[in-house]
Amino acid sequence: MMPALNQQSLRGEMRFDEPLSRHTTWRVGGPVSCFYRPADREDLVRFLHQLDSDEPLFWLGLGSNLLVRDGGFKGTVIATKGSLVASEWRSDRLLYAESGIACAKVARIAARAGLCGVEFLAGIPGTLGGALAMNAGAFGGETWERVVRVETIDRFGEVRSRLPEDFEIAYRQVRGPSGEWFLAAELEMEAGDVDAAQRRIRQLLERRAATQPTSQPSCGSVFRNPPGDFAARLIEAAGLKGRRLGGAQVSEKHANFIINTGDATARDIEMLIAEVQREVAAQSGIELTTEVHRIGDSS
Ligand SMILES: Cc1cc2nc3c(=O)[nH]c(=O)nc-3n(C[C@H](O)[C@H](O)[C@H](O)COP(=O)(O)OP(=O)(O)OC[C@H]3O[C@@H](n4cnc5c(N)ncnc54)[C@H](O)[C@@H]3O)c2cc1C
Ligand SMILES: NC(=O)C1=CN([C@@H]2O[C@H](COP(=O)(O)OP(=O)(O)OC[C@H]3O[C@@H](n4cnc5c(N)ncnc54)[C@H](OP(=O)(O)O)[C@@H]3O)[C@@H](O)[C@H]2O)C=CC1
Ligand SMILES: C=C(O[C@H]1[C@H](O)[C@@H](CO)O[C@H](OP(=O)(O)OP(=O)(O)OC[C@H]2O[C@@H](n3ccc(=O)[nH]c3=O)[C@H](O)[C@@H]2O)[C@@H]1NC(C)=O)C(=O)O
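Under an unreviewed UniProt entry, the chain has the name UDP-N-acetylenolpyruvoylglucosamine reductase and belongs to Candidatus Thiodiazotropha endolucinida. The record held by UniProt for the chain lists under Sequence similarities (unreviewed entry) the comment "Belongs to the MurB family." If you open the UniProt record of the chain and go to Catalytic activity (unreviewed entry), you find "UDP-N-acetyl-alpha-D-muramate + NADP(+) = UDP-N-acetyl-3-O-(1-carboxyvinyl)-alpha-D-glucosamine + NADPH + H(+)".

Structure (structure tokens):
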């Protein structure tokens, strides 16, 4: 149940029964009871101060690694994309950025300053907060390799400064103090030059476009790579490329991507994920684990 909020004191965007299909890159997902996009950090703190202590809360970036089930989410979603987007240089190589900023933007800001090390972020659709939560990575780079400090916020609006050692960080996995979300991070870059950084961004985007179905709705890689192997290789070897279930399909271009061909439901996608896991296990004995996060109720 949504608590009574003093909406007049809030400056953000509040929507009720907002379809989350509008806020995920798979373009599926049922409604959330309350969707709130804070105007800025101060407004976020004010919103959290007013929130019931038992209100289910979920933090949403671009929704590019998220399967929201068709029945939606009974609770409140805090949307950071396009909201917490401030950034500033704290020193000549240290960028402070809030969690709603696009990863692509961080990569461009650094390149324009002639710094390198975060070019891999250019092709990762999503917010910095999502990249911190997932330890997003590509082409040999990983988000947390660059993190010097983060700011977190809890459901009561309390802000803390935390260090990487406060978190357990692994491949596509981050565990930290419970009940805290990312508000901002300080990222350290290396000295470089503008041309080299911009060239590398272009090359990485070209490689990605050549191998991944970037123009079709997806969540990127559905499964983590198992140790010593590739989920895509195993899925292709199991003969699953192109496999369809309702509107969901294993991409012909990259077997670890499931695309929404137009009218997929979250159920189609979830059932196809389970089918791929079953058939890969039957063929190879390997249990694929999902990278994508799932929330909400089945309808
Ligand atoms: C075409 C395509 C290509 C992709 N390529 C890559 C790739 O190369 N490498 C890679 O790692 N990923 C890739 N992804 C997956 C995805 O883009 C990343 O995981 C990205 O970091 C998710 O960010 P987001 O803002 O969309 O997070 P969301 O999908 O909105 O959320 C993902 C998780 O992070 C949590 N979260 C979001 N913001 C915060 C916050 N501020 N504080 C705490 N938790 C938070 C959410 O609660 C959720 O659990 C790709 C996806 C697509 C669609
Ligand atoms: N969004 C999606 O649903 C999907 C995106 N992708 C791909 O993922 C990558 C990242 O996408 P997304 O997260 O949407 O981010 P965008 O590509 O939309 O870029 C995010 C922000 O970065 C800034 N930016 C982008 N290009 C430049 C530039 N040349 N110079 C300066 N600033 C720039 C802009 O900020 P500002 O507005 O402040 O100028 C922009 O809003 C892209 O390659 C995209 O094609 C793939 C699948 C789905
Ligand atoms: C897209 C994501 O991240 C991507 C990231 O963009 C790229 C680039 O660094 O490397 C990972 O993909 P990946 O391991 O599938 O990389 P690729 O180089 O495309 O493929 C790996 C291997 O699988 C084989 N392959 C790929 C696609 C395919 O349909 N069939 C196949 O057999 C390739 O031949 C290659 O030998 C990340 N995925 C994971 C789960 O680690 C994501 O996490 O969402």
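Enquirer: How do you make sense of the sheet that holds strand β11 (residues 147-154) when you look at a structure like this?
Expert: Two orientations exist for strands paired in a sheet by backbone hydrogen bonds: parallel and antiparallel. Taken in spatial order, the five strands make up an open sheet running β6-β7-β15-β11-β12, and their pairing is antiparallel. Whereas interior strands pair on both sides, the edge strands pair on one side only; in this sheet they are β6 (87-91) and β12 (159-162). Averaged over all pairs of adjacent strands, the angle between their axes in this sheet comes to 25°, without regard to strand direction. Inspection of the sheet shows strand β7 (residues 94-98) paired to strand β15 (residues 180-188) by five bridges, in the antiparallel sense. Bridging from a neighbouring strand, Glu98 pairs with Ala184 of β15. Its contacts with the sheet place helix α2 (residues 103-112) against β6, β7 and β15, and it is angled at close to 45° to β6.

Enquirer: It is not clear to me how the site of ligand 3 should be interpreted in this structure. Could you clarify?
Expert: Around ligand 3, the structure places 21 residues, and the nearest of them are Phe139, Tyr171, Ser221, Asn225 and Glu236. For ligand 3, whose accessible area on its own is 830 Å², the fraction buried by protein is 73%. Of all the elements, helix α5 (residues 231-237) adds the most residues to the shell around ligand 3, at three residues. Three or more residues apiece are contributed to the shell around ligand 3 by two domains, here domain 2 (87-211) and domain 3 (231-295).

Enquirer: Quick question: what am I supposed to make of unusual backbone geometry here?
Expert: Positioned with a positive phi, Arg27 is a non-glycine residue whose angle comes to about 65°. Turning to its location among the elements, Arg27 is positioned in the loop between β1 (13-19) and β2 (31-37). Of note in the backbone geometry, Arg172 takes a positive phi value of approximately 55° without being a glycine. On the secondary structure map, Arg172 appears in the loop between β13 (168-170) and β14 (173-175). Note on Arg172: relative accessible area 17%, which makes it buried.

Definitions and cut-offs
- Residues numbered from 1 in each chain as written.
- Chains lettered and ligands numbered in written order.
- Predicted model: local features only at pLDDT ≥ 70, side-chain atom pairs only at ≥ 80, totals over all residues.
- Heavy atoms only, no water.
- UniProt positions renumbered as here; feature names shortened; annotations may be inferred.
- Pairing = 2+ DSSP bridges.
- Helix = DSSP H or I, 4+ residues; strand = E, 2+ residues; numbered from the N terminus.
- Axes fitted to C-alpha atoms, helices over the stretch in contact; angles between N-to-C directions.
- Contact = heavy atoms within 4.5 Å.
- Near = heavy atom within 4 Å.
- Areas by Shrake-Rupley, 256 points an atom, 1.4 Å probe, with all protein chains shown as cover.
- Domains from an automatic or database assignment.
- Buried < 20%, exposed > 50% of the residue type's maximum accessible area, 1.4 Å probe, protein only.

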